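Reading the structure
The primary structure of each chain is shown beneath.
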Amino acid sequence: MIDNFTYDEYRAVLELAYKHNVITSFNRYREGYKDNQLILRHDIDFSVEMAYEVAKINYEMNVDATFFFMITNSHYNCLDKKNRTLIKCIANMGFEVGLHFDPTLYADCDFAKHAKFESNIIESITGVRVESISLHNPSIHGQMFNIIGYNNAYDAKWFSDEVYLSDSRKMFRNKNIKDFLTDKTKSVKQVLFHPIHYNTTALTYTETFAELVVKEIETFDEELLIANENYFDQAKNKRIISILKDRKV
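Residues numbered from 1 in each chain as written. Predicted model: local features only at pLDDT ≥ 70, side-chain atom pairs only at ≥ 80, totals over all residues. Heavy atoms only, no water.

What follows covers the overall build of the protein chain. Assigned secondary structure in the protein chain consists of nine helices and eight strands. Computed over its C-alpha atoms, the radius of gyration of the protein chain comes to 19 Å, within 12% of the 18 Å expected for a compact globule of 249 residues. C-alpha atoms of the protein chain, sized along the principal axes, occupy 65 × 40 × 35 Å. Counting over 249 residues, the protein chain shows a buried share of 47%. A sequence separation of at least 24 residues applies to 67% of the contacts in the protein chain between residues at least 6 apart. (Helix = DSSP H or I, 4+ residues; strand = E, 2+ residues; numbered from the N terminus. Rg over C-alpha atoms; globule rule 2.2 N^0.38 Å. Buried < 20%, exposed > 50% of the residue type's maximum accessible area, 1.4 Å probe, protein only. Contact = heavy atoms within 4.5 Å.)

Among the nonpolar cores identified, the biggest contains 67 residues, and Phe 67, Phe 69, Ile 90, Phe 101, Leu 181 and Phe 193 are the most heavily contacted of them. The greatest single-element share of this core, amounting to seven residues, is contributed by helix 2 (residues 48–61). With sequence-adjacent residues up to four places away left out, Phe 101 is seen in contact with Tyr 106, Phe 111, His 114, Ala 115, Glu 118, Ile 133, Ser 134, Leu 135, His 136 and Phe 145. (Core = buried A, V, L, I, M, F, W, Y, C linked by side-chain atoms within 4.5 Å.)

Another aspect to go through is the pairing of strand 5 (residues 132–135). With burial as the criterion, each face of strand 5 is covered, one bearing Ser 132 and Ser 134 and the other bearing Ile 133 and Leu 135. Inspection of the sheet shows strand 4 (residues 96–101) paired to strand 5 by three bridges, in the parallel sense. Residue pairing for strand 5: Leu 99 is matched across the bridge by Ile 133. The β-α-β motif built from strand 4, the intervening helix 4 (residues 111–126) and the parallel element strand 5 has right-handed crossover chirality. Here strand 5 runs beside strand 6 (residues 151–152); their pairing, made up of two bridges, is parallel. The residue bridging Ile 133 from the neighbouring strand is Asn 152, located in strand 6. (Pairing = 2+ DSSP bridges. Right-handed = clockwise from strand over helix to strand, strands pointing away.)

To continue, consider the pattern of salt bridges. Considering all chains together, one arrives at ten salt bridges under this definition. Of the charged contacts, one joins Lys 113 and Asp 108 as a salt bridge, the two residues approaching to 3.7 Å between their closest N and O atoms. Look at Lys 113 and you get partly exposed, because its relative accessible area is 46%. (Salt bridge = Lys/Arg side-chain N within 4 Å of Asp/Glu carboxyl O.)

Right, let's talk about the state of the cysteines for a bit. Across all of its chains, the model carries zero disulfides by this definition. With no disulfide of its own, Cys 89 lies 14 Å from the sulfur of Cys 78, the closest cysteine sulfur. (Disulfide = S-S within 2.5 Å.)

At Asn 137, a position not held by glycine, the phi torsion is positive, near 55°. By the secondary structure assignment, Asn 137 is in the loop between strand 5 and helix 5 (138–141). Since its relative accessible area comes to 34%, Asn 137 is described here as partly exposed. Located in the positive-phi region is Arg 169, a residue other than glycine, with phi close to 60°. Checked against the element boundaries, Arg 169 lands in the loop between strand 7 (164–166) and helix 6 (177–182).

Glancing now at the environment of Asn 92. As for its position among the elements, Asn 92 is in helix 3 (residues 81–92). Sequence-wise, Asn 92 and Thr 126 are 34 residues apart; in three dimensions their C-alpha atoms are separated by 8.0 Å.

To continue, consider helix 1 (residues 7–20). The terminal C-alpha atoms of helix 1, which comprises 14 residues, lie 20 Å apart, in line with the 20 Å expected from a rise of 1.5 Å per residue. Residues of helix 1 that are buried include every one of Tyr 7, Glu 9, Tyr 10, Val 13, Leu 14, Leu 16 and Ala 17, and no others. Check the buried side of helix 1 and you find it contacts strand 1 (22–24), strand 2 (37–44), helix 2 and helix 6. (Expected span 1.5 Å × (residues − 1).)

What follows is the structure in structure tokens.
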């Protein structure tokens, strides 16, 4: 069902999921609920703007979800004015905003303390308490743990090979999405869709990131045009993109 990772395909998947499940977030999951529950999860590894695009589709399709943002991310800054606004908008749409937590940054392993600190920052943006955490790249660093007081996206009750589906690296690891979404034998399932993977048109995995880099350069260019007179004068003749193309970067 998802071959080209377009927004249209994503909408089709949500429509199918909606027909066969109660789509929910981690903080609204109900233990023992009679109907099949599907937890929709989004880890934001690269772009708040692309998370916002997916949030708008979710809102349009009337489905719930949890968006996990990373305070320590090297690709975006949650406290940037534009990103703060978009994260707040996602929260105002009614979606859960959680913490995407990277434990490898902390040598002391006092993860509860650090998760609380990072959660406080997200709460300062949304005005809503952080209730859920997803670990960043646990399959790489091998650390799986619960933090008291938070829902853990990797808790066994909703994370196992039988009940979990992810589009990691634009692959579904030989799982059939349609069969997974329509399976009525599981009382709870979890699906992870990364917003970075989806676009208006079909892109290869590497083209996905190239597109992101181009957008970042364009943003950088726009900011310099406003704030830097010297750059503004020189950019009349050549912009950053043109320079990079000339150098075949």
